[in-house]
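Listed here are the chains, written in short residue letters.
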Amino acid sequence: MKKTVRTLLLASLCLLLPATLCAQKKNTTKKAATTQTTYPQRDEAFKADYKLSAIGTFDPNNLESLQFTAMPAPDFTGHVLKLDKSRKQVKLKQLSCKQNGITDDDNWFFNNDLVRREERVELPMGQFAPRFRYRTGGYLITTYGENWGNTLKMVITDEAQQTLYAAYDFENWKFSPKTTLMGNTQSLDDFIIEGNILYIAHGTNGYSDGAGYQTGYITAFDLEKQEIVWTTQPMTCNSHFAIVDNSIICGYGFTSEPDNLFILDKYSGQRIQKIPMKKMVNEVVPKDGYLYVRTYSFDYLFKIQ
């Protein structure tokens, strides 16, 4: 009798297991769809004349109604495309390097008549609120978080903040797989929109070893296809950056880490040139054929060739 009952129980379990496993598989697939990263093989995704389509109106006082789309995680080991060597890249000729006052950033922008794309929003910490705004390509990008070091949600609107084009949640970018210091979170540091591509600078505000040396990136995201195009190799950018013709110019460095200015190919994400700097790069601003570079304690001027 006991064997008969046991046999019936096993038969019942066998009937139930396929349905259970099927349900688990469906849930896993659905979850993976929000985090899995797919990459194009070539840089044919770039469309210079692309314009974002509005998805609704935007009310900055009614953030609760926003529907954020989960951004797929980048490849934290870096994923660049094949480089087309026939493309001409910019070259930089250093004209000057002068020591600055460290805290006189505003004077540097004013004296050189430079436009600052980033605006910090001065609101109390501890509440979900706008933290930074970036003007780029005729759009306004606003990042949100509980403080200025934790900005993992962003929206793209018109500059008047009336039309909504996109809203993204970057929670999948918060920690690199090799993070050893859990307080060493990644944040969004700068943005440029060119055509259908959203370029995003992201990384930790701290030593690279706390993130397992997986920090300091620029990632190119296709706004039309909603997919990541490429991600630079780690420790490439922890500064504001600029795009000049086919090139991205950015800096990476930190205390006890090498300080460099990098020239990247904007289509593939590959490094083209590395220029050693005296200190960590903070600002990179092109103007009238010149490149103004602000580091921690030195100001550089380059001729763009």
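This text goes with the structure placed above it.
Because the structure is predicted, anything quoted here is derived from the model rather than measured.

Reading guide: rules and limits
Residues numbered from 1 in each chain as written. Predicted model: local features only at pLDDT ≥ 70, side-chain atom pairs only at ≥ 80, totals over all residues. Heavy atoms only, no water. Helix = DSSP H or I, 4+ residues; strand = E, 2+ residues; numbered from the N terminus. Buried < 20%, exposed > 50% of the residue type's maximum accessible area, 1.4 Å probe, protein only. Contact = heavy atoms within 4.5 Å. Areas by Shrake-Rupley, 256 points an atom, 1.4 Å probe, with all protein chains shown as cover. Pairing = 2+ DSSP bridges. Axes fitted to C-alpha atoms, helices over the stretch in contact; angles between N-to-C directions. Polar contact = N/O pair within 3.5 Å; in protein donor to acceptor, adjacent residues only side chain to side chain. Phe/Tyr/Trp six-rings, centres within 6.5 Å; stacked < 30°, edge-to-face > 60°. Lys NZ or Arg CZ within 6 Å of the ring centre and 35° of its normal.

### Let's talk about the overall build of the protein chain
Here is step 1: Along the protein chain, the regular secondary structure elements total 2 helices and 19 strands.
Here is step 2: For the protein chain, the proportion of its 305 residues judged to be buried stands at 48%.
Here is step 3: Excluding contacts between residues fewer than 6 apart, the proportion of contacts in the protein chain whose partners are at least 24 apart in sequence is 54%.
Here is step 4: Accessible area for the protein chain stands at about 16400 Å²; split by element, carbon and sulfur atoms hold 52% of it.

### Let's talk about the sheet that holds strand 3 (residues 92–99)
Here is step 1: The 4 strands lie next to each other as 3-19-18-17, forming an open sheet whose pairing is antiparallel. Both edges of this open sheet fall to strand 3 and strand 17 (281–287), since each of them pairs with a single strand only. Taking each pair of neighbouring strands and ignoring which way they run, the sheet shows an average axis angle of 20 degrees.
Here is step 2: Strand direction decides the pairing type here: strand 17 and strand 18 (residues 290–295), joined by 6 bridges, are antiparallel. Residue pairing across strands places Val-284 opposite Val-293, the latter belonging to strand 18.

### Let's talk about the sheet that holds strand 16 (residues 271–276)
Here is step 1: Strand order in the open sheet formed by 4 strands is 13-14-15-16, and the pairing between neighbours is antiparallel. At either end of the open sheet lies a strand with only one pairing partner, and these are strand 13 (242–244) and strand 16. Each strand of the sheet is rotated relative to its neighbour by a mean of 25 degrees, with strand direction disregarded.

### Quick look at the environment of Glu-194
Here is step 1: Structurally, Glu-194 can be placed in strand 9 (residues 186–194).
Here is step 2: As for Glu-194 and Gly-138, which are separated by 56 residues in sequence, their C-alpha atoms are 9.8 Å apart.
Here is step 3: Once residues within four sequence positions are removed from consideration, Glu-194 is found in contact with Tyr-199, Ile-243 and Lys-266.
Here is step 4: Among the polar contacts listed, one links the side chain of Glu-194 to the side chain of Lys-266, at a separation of 2.7 Å.

### Some words on the packing of aromatic side chains
Here is step 1: Inspection of every chain in the model, using the stated rule, returns 12 aromatic pairs.
Here is step 2: Considering the side-chain rings of Phe-132 and Tyr-134, the 6.5 Å spacing of their centres and the 40 degrees angle between planes classify their relative orientation as tilted. You'll find Phe-132 and Tyr-134 in the same group, each marked buried.
Here is step 3: Residue placement shows Lys-278 over the ring face of Phe-298; its charged tip is 5.5 Å from the ring centre.
Here is step 4: Here Lys-303 stacks its cationic end above the ring of Tyr-290, 4.5 Å away from the centre of that ring.

### Structural notes on the side chain of Asn-246
Here is step 1: As for its placement among the helices and strands, Asn-246 is situated in the loop between strand 13 and strand 14 (247–254).
Here is step 2: Owing to a relative accessible area of 19%, Asn-246 belongs among the buried residues under this scheme.
Here is step 3: There is a polar contact of 3.1 Å between the side chain of Asn-246 and the backbone oxygen of Lys-88.
Here is step 4: Those residues in contact with Asn-246, other than ones at most four positions away along the chain, are Arg-87, Lys-88, Gln-89, Leu-264, Asp-265, Lys-266 and Tyr-267.

Shape descriptors only; they carry no functional weight alone.
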